[in-house]
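Given next are the chains, with one letter for each unit.
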Amino acid sequence: MERRKPRVSPYAVFLVFNTMFFMMDTTNSYFNIYLDELGFSKTMIGSITSVSSLASMICQPVFGALLDRSASRTRMLQLLILVTACLYPLILLNKSFLYILLLYTVYFIFRRTQPALNTTLTVEFAEQSRKDYGPIRMMGAVGYTAMMFLVSFVAGTDNGTVKTFWLYSLICAGNILLLFFFPPMPGHNLEQGKSRVSPWALLKNKGVLLLILYHVLIATANGLGQSYFPIYVTSDMGASNSIYGIMVTIGSMIEIPFLFLADRIIRRLGIRKTMCLLGIMTAIRWGNSFFAASTGQLFITQGMNFVIILENVTIAILISRQVQSELKTVAQALVATIQGVVGILISSMAGGLLADAFGIRPLFLISAGIALSTAVLFFFLLNGKNREKLTDN
């Protein structure tokens with residue numbers, strides 16, 4: 001008997017799902033605004049985000065290894081999204097610091113695994129079907145932009161930040177339903193006839209270690225700048241939640257063409273120039289925030305958010321090329337954890353202390369300095385031999 005062709009193209013499924021998947025990110029920045037509205041100090045806010053990141057760092061390698069051995073990674077992604085959809089609104093039940101700290105930590109452990117797993121499945125599909133990853137990821141920016149219009153409107157209403165918690169759960173429900181159209185996509189470490197590969201093998205790959213170093217430095221720069229940017233816009237600069245939402249929406253719209261061209265940009269410039277250029281642009285972005293005299297100038301900062309997205313896409317593509325199929329989920333989980341943990345753990349805790357002592361604005365100058373130093377470092381570090389380690393797999 002001939003195999004029936006699927007009614008819906010797998011490529012179309014991935015496009016639609018990525019459109020919906022990144023809608024879940026639209027409510028993220030309002031969590032810190034909610035904590036600020038409760039009267040939490042920036043040190044307290046930093047403690048919540050840093051503790052949750054530390055817990056995530058401990059759990060992510062375990063999650064990644066389990067997912068690579070899973071019979072259906074798509075069903076596991078459904079389960080992870082369901083758990084976070086149930087947990088996130090429960091944060092509203094109690095306003096005590098300890099309660100929010102504990103519940104948000106559990107929520108964040110499950111939430112942090114989802115982007116890495118989606119990236120693994122999408123990049124894997126793109127490679128197998130010989131499609132560019134950038135246009136698929138671009139649909140995430142399209143979905144994010146469309147949903148941000150609604151989220152910014154909701155956030156601007158009475159008690160709006162509270163409503164964003166429930167909106168997140170509704171978006172999760174849409175993602176869970178879409179995943180029923182996905183094939184199981186079992187983990188590669190489950191395939192018969194293959195010996196299981198230890199996740200520790202990643203640490204022997206010098207190309208992966210170079211990418212991790214780059215990501216650690218850039219994540220630190222972006223974390224310091226991004227962690228308190230929403231509070232800086234709404235509290236220090238006096239913009240409303242709606243204005244901030246519009247700012248984020250415009251930024252996400254600008255991401256779309258850059259994501260569509262991401263693969264071509266990397267191929268055209270090469271790894272060394274791409275990574276150095278992204279570091280320089282990150283420095284310019286946060287330097288602009290430091291010197292901003294008005295809310296209008298901060299639209300430039302948010303408009304350059306595509307730099308972070310390009311950094312993530314670049315790292316995701318390079319990581320997928322570097323590691324064997326049995327470790328793809330573990331590798332992406334590790335890099336996503338580093339991005340979240342370093343970017344939030346170090347920057348949120350240290351940033352919270354610095355922000356309480358000196359204000360938020362100086363954090364932007366530190367971010368710019370770290371990013372520029374990273375660009376210079378990798379200009380010299382990615383010499384012939386090290387560059388080969390990123391391209392010979």
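These lines cover the structure that appears in this document, whether it is placed above or below. Each chain has its residues counted from 1, running along the sequence as written. Totals for whole chains, interfaces and linings use every residue, but because this is a predicted model, local features are given only for residues with pLDDT of at least 70 and side-chain atom pairs only at 80 or more, for both listing and counting. Note: side-chain values were computed over all heavy atoms of the structure, leaving out hydrogens and water.

Examining the pattern of salt bridges
- Put simply, a salt bridge is a Lys or Arg side-chain nitrogen that is within 4 Å of an Asp or Glu carboxyl oxygen. One pass over the structure, following the stated rule, counts two salt bridges.
- We note a salt bridge from Asp 25 to Arg 111, for which the minimum N-O separation is 2.7 Å. Taken together, the residues Asp 25 in the loop between helix 1 (10–21) and helix 2 (29–37) and Arg 111 in helix 5 (residues 97–129) connect sequence positions 86 residues apart.
- Three exposure classes are used, based on accessible area relative to the maximum for each residue type with a 1.4 Å probe and protein chains only: buried under 20%, partly exposed in between, and exposed over 50%. For Arg 111, a relative accessible area of 6% corresponds to the buried category. Secondary structure elements are taken from DSSP: a helix is a run of H or I of four residues or more, a strand is a run of E of two residues or more, and numbering for both begins at the N terminus.

Some details on the nonpolar core
- We define the nonpolar core as a collection of buried residues of types Ala, Val, Leu, Ile, Met, Phe, Trp, Tyr and Cys that are connected through side-chain atoms lying within 4.5 Å of one another. Core analysis: the biggest nonpolar cluster contains 104 residues, and Phe 31, Leu 35, Ile 48, Ile 91, Phe 229, Met 275 and Ile 360 have the highest contact counts within it.
- Here this core gets 12 residues from one element, more than from any other, and that element is helix 5.
- What makes two residues a contact is simply this: any of their non-hydrogen atoms within 4.5 Å. Excluding residues that lie within four positions of it along the chain, Ile 360 makes contacts with Lys 42, Tyr 228, Ile 231, Tyr 232, Asp 236 and Ala 355.

Quick notes on the packing of aromatic side chains
- For this analysis, a ring pair means two rings from Phe, Tyr or Trp (six-membered ring only for Trp) whose centres lie within 6.5 Å, classed as stacked if their planes differ by under 30 degrees, edge-to-face if by over 60, and tilted for the remaining angles. All told, the structure shown has 24 aromatic pairs when counted by the stated rule.
- Residues Tyr 88 and Phe 165 carry aromatic rings whose centres are separated by 4.4 Å and whose planes lie at 20° to one another, so their mutual orientation is stacked. Here Phe 165 lies in helix 7 (residues 160–178) and Tyr 88 lies in the loop between helix 4 (73–87) and helix 5, a separation of 77 residues in the sequence. Just as Tyr 88 is buried, Phe 165 falls in that class too.

What to know about the packing of helix 2 against helix 10 (residues 241–260)
- Two elements in contact, helix 2 and helix 10, have axes separated by 12 Å at closest approach and are oriented at 160°. As summarised for this structure, helix 2 and helix 10 are arranged roughly antiparallel, according to the angle between their axes. In the crossing of helix 2 with helix 10, the sense of the turn from one axis to the other is right-handed. Where helix 2 approaches helix 10, its residues Ser 29, Tyr 30, Ile 33 and Glu 37 are matched on the opposing element by Asn 241, Tyr 244 and Gly 245. Here the axes come from fitting lines to C-alpha atoms, over the contacting stretch only for helices, and the angles between their N-to-C directions go from 0 to 180 degrees. Comment on the angle field: the value is read as roughly parallel under 35 degrees, roughly antiparallel over 145, roughly perpendicular from 65 to 115, and oblique elsewhere. With the far helix as reference, a near helix turned anticlockwise by less than a right angle produces a left-handed crossing, and one turned clockwise produces a right-handed crossing.

Digging into the state of the cysteines
- Note on terminology: pairs of cysteine sulfur atoms within 2.5 Å are recorded as disulfides. Using the criterion set out here, one finds zero disulfides in the structure.
- Summary of cysteine pairing: Cys 86 is not part of a disulfide, and the nearest cysteine sulfur, belonging to Cys 172, is at 8.9 Å.

Some points on the side chain of Asn 241
- Structurally, Asn 241 can be placed in helix 10.
- Asn 241 gets classed as buried once you look at its relative accessible area, which sits at 15%.
- If we ignore the near neighbours within four places in the chain, the residues touching Asn 241 are Tyr 30, Ile 33, Glu 37, Ala 155, Thr 161 and Thr 234.

So, the environment of Glu 311
- Structurally, Glu 311 can be placed in helix 13 (residues 306–322).
- Residues within four places of Glu 311 in sequence aside, it is in contact with Tyr 214, Ile 218, Asn 222, Leu 278 and Thr 282.

Examining the packing of helix 1 against helix 5
- Look at helix 1 against helix 5: their axes get within 11 Å of each other, and the N-to-C directions meet at 155°. Taken together, helix 1 and helix 5 sit at an angle that is classed as roughly antiparallel. Note that helix 1 runs across helix 5; the crossing there is left-handed. Across the interface between the two elements, Pro 10, Tyr 11, Phe 14, Phe 17, Asn 18 and Phe 21 from helix 1 touch Arg 111, Gln 114, Pro 115, Asn 118, Leu 121, Thr 122 and Phe 125 from helix 5.
- Classes in brief: Ala, Val, Leu, Ile, Met, Phe, Trp, Tyr, Cys and Pro nonpolar; Asp, Glu, Lys and Arg charged; the others, Gly included, polar. Among the residues making up the contact of helix 1 with helix 5, the classes are represented as eight nonpolar, four polar and one charged.

Worth remembering: the numbers are spatial, not functional.
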